[in-house]
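# Inside the fold
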Amino acid sequence: MNAPAGPRDFIPADLPEPRFEDLAHLPGMMPARSTMWRTIQFLKNPLGRSRAMVEQYGRVFRRQDFGGWGVSMIGPEANELVMFNKDRIFSSELGWNPVLELLFPRGLMLMDFDEHRIHRKTLSVAFKTEPMKIYFDALQTGIAKGIAPWPSAGTFKFYPTIKALTLDLAAASFLGVPWGPEADKINKAFVDMVQAATGVVRKPLPFTAMKRGVDGRKYLCGYFGKEIPGRRGAAGDDIFTQVCNARDENGALLSDQDIIDHMNFLMMAAHDTTTSSISSMVYLLGANPEWQDKLRAEIAAVKAQTGGPLTYETLGKLETMEMVFKEALRLISPVPSMPRRALRDFVFMNHHIPAGSHVGINPMITHRLPDIWPDPERFDPTRFTAENSRGRHKYAWVPFGGGQHMCLGLHFAYMQVKAFFFALLAEHRIVLDTPAVSVELDFQMFPIPKPKNGLPIRIERI
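Residues numbered from 1 in each chain as written. Predicted model: local features only at pLDDT ≥ 70, side-chain atom pairs only at ≥ 80, totals over all residues. Heavy atoms only, no water.

### Description of the nonpolar core
In this structure, Met73, Trp150, Phe158, Met281, Phe420 and Phe421 are the most contacted members of the largest nonpolar core, which totals 131 residues. Looking at which element gives the most residues to this core, the answer is helix H12 (residues 256-287), with 14 residues. Residue contacts for Phe421: discarding those within four places in its chain leaves Ile278, Met281, Val282, Leu285, Ile299, Met321, Ala426 and Ile430. (Core = buried A, V, L, I, M, F, W, Y, C linked by side-chain atoms within 4.5 Å. Buried < 20%, exposed > 50% of the residue type's maximum accessible area, 1.4 Å probe, protein only. Helix = DSSP H or I, 4+ residues; strand = E, 2+ residues; numbered from the N terminus. Contact = heavy atoms within 4.5 Å.)

Printed below as a string of structure tokens:
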């Protein structure tokens, strides 16, 4: 597929890299002797350190990390300015490139403006109602098979177990086939790529996380590349086949490399963020078992209506489950921070921020602002009732992003999570093997949250 003429013409040729002197008028960090040490210290406790910086400097402040100097902007107003991007000030491509360029280049999130619009519209064919119904059936079959052994397994680590299951589910929905003998290699490739995204060493030097990530990308590019010829012109209900045959508004097919890049990114997004989100919800339901009872009652009501199974048409009836999911994503956002780069000067909250600045918004902290979320560390899904949501800023809750870059797989994620917990909780309860302490202590929050101890649990029959 051909992009519009000059797809990156929006990038000024002389876009400067910000120096401390360019941002010295903002509150914030002073230069560190070692940016690597500063980054390592941040990664040890990103939630605590981010909270401390907001308390010390306010909601707009200067920061320094392995990427150099940048600006953090906190709160729903900042989210709206950056995500809605009405004046096309912010580049998602240039924001994510320092983190993802070697690993997930040319994914949908790493595109801007007209090019992004064209690719997003082309890919959206795979997420329309009819194909979603087919994915739903495949998800239910895979979930039922995957969770069947759990009640007799005793205590097991949930995180690696659900990670393997979500990979199997993604294979069925995205590729239409089971992974087969390559499963372990593919799983390892995705893990290596995600871990490399925030590795302190940004070059693929031997024995580094970045080298393992780049090798993982090479393996997956080969895997997808050899599959494409057989998908061209073929009928298929899986996402991969539909992407191989999707046409843009001019009737052109995606190139092989476009397909490879999109599939790498879509599989990562579907696999890792869903694994994180389901783990967060299991953890919080285990810590708050009264909400398991409420979900079980809701599931029973749906079963009474349908005669037993969850149907695509009754997904919307799981309103309490959706509130629990939203509250889990508020407390443990699957994407804790979102980078952009300013293409020109702008002003926010009376602060002048120069062109070239690396700008970061932070759902992890915005989701904890006490003026928006009273008693923010408390798990309370009723925050998302229609009454309690009334008047809340549209960009106060942004786990799936917003604006033109709103997650393309948003409805797929809701569907998968509802199908999973419907199957799990109907006749079982989640029991944490060790008491929950706090999100901050129990979860590694960056780059994609995961439980530090693997989340040991038991699944007990009721």
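### Details of the pattern of salt bridges
Under the definition given, this model contains 30 salt bridges. Measuring nitrogen to oxygen at the nearest pair gives 3.1 Å for the salt bridge that ties Arg19 to Asp22. By relative accessible area, which is 48% here, Arg19 ends up partly exposed. For Lys418, the salt bridge is made with Glu322, and the minimal N-O distance between the two is 2.8 Å. Taken together, the residues span a long stretch of sequence, with Lys418 in helix H17 (residues 410-425) and Glu322 in helix H14 (residues 319-331) at a distance of 96 residues. (Salt bridge = Lys/Arg side-chain N within 4 Å of Asp/Glu carboxyl O.)

### As for the environment of Thr274
Note that Thr274 resides in helix H12. Taking the C-alpha atoms as reference points, Thr274 and Lys163, 111 residues apart in sequence, are found 8.6 Å from one another.

### Description of the sheet that holds strand S8 (residues 358-361)
Strand order in the open sheet formed by five strands is S1-S2-S8-S5-S3, and the pairing between neighbours is mixed. The strands lining the two open edges of the sheet, one partner per strand, are strand S1 (60-65) and strand S3 (90-91). Inspection of the sheet shows strand S2 (residues 68-73) paired to S8 by four bridges, in the parallel sense. Along S8, the bridge assignment pairs Gly70 with His358. Along the sheet, helix H4 (residues 76-84) contacts S2, S3, strand S5 (338-342) and S8; its crossing angle with S8, the most-contacted strand, is approximately 125°. (Pairing = 2+ DSSP bridges. Axes fitted to C-alpha atoms, helices over the stretch in contact; angles between N-to-C directions.)

### Here we look at the packing of aromatic side chains
Tallied over the full model, the rule gives 22 aromatic pairs. Members of the aromatic cluster, joined through ring pairs, are Phe325, Trp373, Phe384, Trp397, Phe400 and Tyr414. Sitting over the ring of Trp291, Lys294 keeps its end group 3.9 Å from the ring centre. Note that Arg392 overlies the ring of Phe384, its terminal NZ or CZ placed 5.4 Å from the centroid. (Phe/Tyr/Trp six-rings, centres within 6.5 Å; stacked < 30°, edge-to-face > 60°. Lys NZ or Arg CZ within 6 Å of the ring centre and 35° of its normal.)

### So, the pairing of S5
In terms of residue burial, S5 counts as a mostly covered element, since five of its five residues are buried. Neither face of S5 is exposed, since Met338, Arg340 and Ala342 on one face and Pro339 and Arg341 on the opposite face are all buried. Pairing between S3 and S5: two bridges, direction antiparallel. Paired with Ser91 across the two strands is Arg341, which belongs to S5.

### Considering the packing of helix H13 (residues 289-306) against H17
The N-to-C vectors of H13 and H17 enclose an angle of 95°; their axes lie 10 Å apart at closest approach. Here H17 runs roughly perpendicular to H13, going by the angle between their axes. Mapping the contact onto sequence places Gln292, Leu295, Arg296, Ile299, Val302 and Lys303 in H13 and Phe421, Phe422 and Leu425 in H17. Tallied by class, residues from the contact of H13 with H17 come to six nonpolar, one polar and two charged. (Parallel < 35°, antiparallel > 145°, perpendicular 65-115°, else oblique. Nonpolar A, V, L, I, M, F, W, Y, C, P; charged D, E, K, R; others polar.)

### A closer look at the environment of Trp373
In this structure, Trp373 sits in the loop between helix H15 (363-366) and helix H16 (386-389). Judged by its relative accessible area of 0%, Trp373 falls in the buried class. The spatial distance from the C-alpha of Trp373 to the C-alpha of Arg392 is 9.5 Å, given a sequence separation of 19 residues.

### A short note on unusual backbone geometry
Residues Phe446 and Pro447 are joined by a peptide bond in cis, for which omega reads 0°. Of note, the phi angle at Asn85 is positive, near 55°, even though the residue is not glycine. With respect to the helices, strands and loops of the structure, Asn85 is situated in the loop between H4 and S3. On the accessibility criterion, Asn85 (14% relative accessible area) is buried. One non-glycine residue with positive phi stands out, namely Met349, at about 50°.

### Observations regarding the packing of H12 against H17
Relative to each other, H12 and H17 sit at 40°, their axes nearing to 11 Å. Classed by the angle they form, the pair H12 and H17 counts as oblique. Here H12 and H17 pass one another in a crossing that is right-handed. Taken together, the residues of H17 that come into contact with H12 (itself represented by Thr274, Ile278, Met281, Val282 and Leu285) are Gln416, Val417, Phe420, Phe421 and Leu425. Here the residues of the contact of H12 with H17 are counted per class, giving eight nonpolar, two polar and no charged. (Left-handed = near helix turned anticlockwise from the far one by under 90°.)

Without other data, these values stay purely geometric and don't point to any function.
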